[in-house]
Amino acid sequence: MSLRNIPTLKASPRGKEKIQAARKARGWKYNAEEDDTPLREATLWLQPQRKQWWEEQWGKGEQLYADLVSAATWKRFQRAEERIKADAFEAFCEILGLAWEAIAGLDDTKLSVIGDPPDLCAFYGRAWYLKKLDSYVVQEHARLIAIYGEPGIGKTSLIRQWVEKIRTESSEFAGMIWLTPFSFLPDLFPTETHFSPEPISVLFELLKKQKNLIVLDRWTEILGVEKHSVEYSGEKYDAAKLLQKLAQQEHTNCLILSGDEKPIGVFNSVSSIRLMRLEELGKFRSDFCEFDDDKKILEAEGLQGSEGELSAFLTRYGNPSILKVIAARARVVFGGSVTKFISGQYSFILDANFHQRLERVWSRLSKDERKVMYCLAIRRESCSFTQLEEAIANFGIRSDGLIEILYSLIEQSLVECDEPIDHKEYLYSLSLVWQKFSTKQLIQESSEEIFRAIKNGKVQHTELFLGLAFVTLDSQDEQIKIEQTRRIVAPILNDLMSQLQDSATVREGLEKILASLHQYGSIGNFGIQNIEALVSKLTT
């Protein structure tokens, strides 16, 4: 197997053990700063023609080595936690008397790999999706598959698990290319000079020689997708150009995209595209029931409870990334019991990286799309088209406009659409992740608007809090109203208190806004209702 198209490598778990055994057998130190013999040996293996010069330098006491060789790289090679340059990896293997293919775990696979696929991790459930991927690739020979769904839902893990199966069981592909926002064409196919072929040309030459599986992981981030924009530059231009060529030109390769949104634009003209929306764990499907299979993750995470409690837990925290966060707290605080987490009272925290991914999607939404997201977040339950129409009536969004907004949000995996029960209307809702994020954005925007109105002594009449009711009076469920007060009204009031310092100032400012809003009749009704809710909460 050639290293020419493999830029970086790291040892497999079994390879790591072999490295340690070989090093100890030679009496070499783990830390090359104590004994630089491994660095000298690797340098001579890489540059045997300069052996005399290197020995002269070392004779003078110089600590010089080949460009790819250093004490830090030697440590990284042994730790096998991150990849190092393939040439350095091969050199270290050679001086230890080891075959680099075996150490990297490539000797027992039929698939050569370019790029940086993530490590395999524990994987549970998703049998329906794995079976569907098999069908798309092996039976239908689809050349473009798009897997999409909300952040953290497990798209990358699903593809990685399926790829491992293909690597060891199938001869369908000769090679795999795994591209990410952090490892794209210039990194994998570097050019020597300005006049060398561009990376895309180098890649397509490879694609002509053998049948490849190409994974474009988090493709929306690679392109830096902007809504209604097709302008790209630099690496983003390279990515857009690559996707266009792969989508439109005839070839035998298979391209799998993973992203937070359903792909649009250039892919619409591809007849062989297959779309797969990855949903939360624990979902039922008409042709395949994998709820029991999905529940294996609860056992693996050390969670305990009755059958009903575990089912309720999986239904509520079906996003694997969120489930793992909650499971860690359940294990540490309650010995794995899920009882405290199924009532809806617990509010989890999104980590910075997860929050950043949500913000990228949010930044591409229009103002009207955000307003619909706010309406759904406030209701905290599924609602019908008619209820949504009433909720956003003050924003001047007509029925046809609402249809387009819902279509866009559903296509972007932001809104879930449930089939009607007893022939009633379709119901729309947010996943737990988007409900939490949208609620936080609503609180932040509303707090800023109300604070500004208090400081300026007037209302601009374009504020969000005038058009949306923080507490839905049409709801028959008192518990939902209590939740709306606790999760929306109270945090907004807390923000105002922290900015204005004392309750008397807050009360005075809110009462002035109320007096102003009473002049505007029905257009200010939601605003009046919201300010009254804040005043009422201030007195309790």
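Residues numbered from 1 in each chain as written. Predicted model: local features only at pLDDT ≥ 70, side-chain atom pairs only at ≥ 80, totals over all residues. Heavy atoms only, no water.

Asker: What is the right way to look at the packing of helix H24 (residues 503-517) against helix H25 (residues 525-538) in this model?
Answerer: Two quantities define a packed helix pair, namely the angle between the axes and the distance from one axis to the other. Contact geometry for H24 and H25: axes closest at 10 Å, N-to-C directions at 155 degrees. Accordingly, the angle class assigned to the pair H24 and H25 is roughly antiparallel. Relative to H25, the crossing made by H24 is left-handed. Along the contact surface, H24 presents Ser 503, Val 506, Arg 507, Leu 510, Ile 513, Leu 514 and Leu 517, while H25 presents Gly 527, Ile 528, Ile 531, Glu 532, Leu 534, Val 535 and Leu 538. Residue composition of the contact of H24 with H25, grouped by class: 10 nonpolar, two polar and two charged. (Axes fitted to C-alpha atoms, helices over the stretch in contact; angles between N-to-C directions. Helix = DSSP H or I, 4+ residues; strand = E, 2+ residues; numbered from the N terminus. Parallel < 35°, antiparallel > 145°, perpendicular 65-115°, else oblique. Left-handed = near helix turned anticlockwise from the far one by under 90°. Contact = heavy atoms within 4.5 Å. Nonpolar A, V, L, I, M, F, W, Y, C, P; charged D, E, K, R; others polar.)

Asker: Would you explain the side chain of Arg 23 in this entry?
Answerer: With respect to the secondary-structure elements, Arg 23 resides in helix H1 (residues 13-26). In this structure, Arg 23 is buried with no salt-bridge partner, the nearest side chain bearing the opposite charge being Glu 34 at 8.7 Å. A polar side-chain atom of Arg 23 sits 2.8 Å from a polar atom in the side chain of Gln 78. (Buried < 20%, exposed > 50% of the residue type's maximum accessible area, 1.4 Å probe, protein only. Lys, Arg positive; Asp, Glu negative; His and termini not counted. Salt bridge = Lys/Arg side-chain N within 4 Å of Asp/Glu carboxyl O. Polar contact = N/O pair within 3.5 Å; in protein donor to acceptor, adjacent residues only side chain to side chain.)

Asker: Would you explain the packing of helix H2 (residues 37-46) against helix H5 (residues 86-95) in this entry?
Answerer: Put simply, H2 and H5 touch, their axes get as near as 9 Å, and they point 110 degrees apart. Between H2 and H5, the angle falls in the class roughly perpendicular. The element H2 and its partner H5 pack so that their crossing is right-handed. Across the interface between the two elements, Pro 38, Glu 41, Ala 42, Trp 45 and Leu 46 from H2 touch Asp 87, Glu 90, Ala 91, Phe 92, Glu 94 and Ile 95 from H5. When grouped by side-chain class, the residues that make up the contact of H2 with H5 number seven nonpolar, no polar and four charged.

Asker: Looking at this model, I keep getting lost on helix H20 (residues 399-411). Mind explaining?
Answerer: What sets the pattern is the α-helix's 3.6 residues per turn: residues three or four places apart point alike. In this model, H20 (13 residues) spans 18 Å end to end at C-alpha, consistent with the 18 Å of a helix rising 1.5 Å per residue. Those residues of H20 hidden inside the fold are in contact with helix H18 (367-379), helix H19 (385-391) and strand E13 (427-429). Just downstream of H20, Ser 413 is the residue with a positive phi angle, here 65 degrees. (Expected span 1.5 Å × (residues − 1).)

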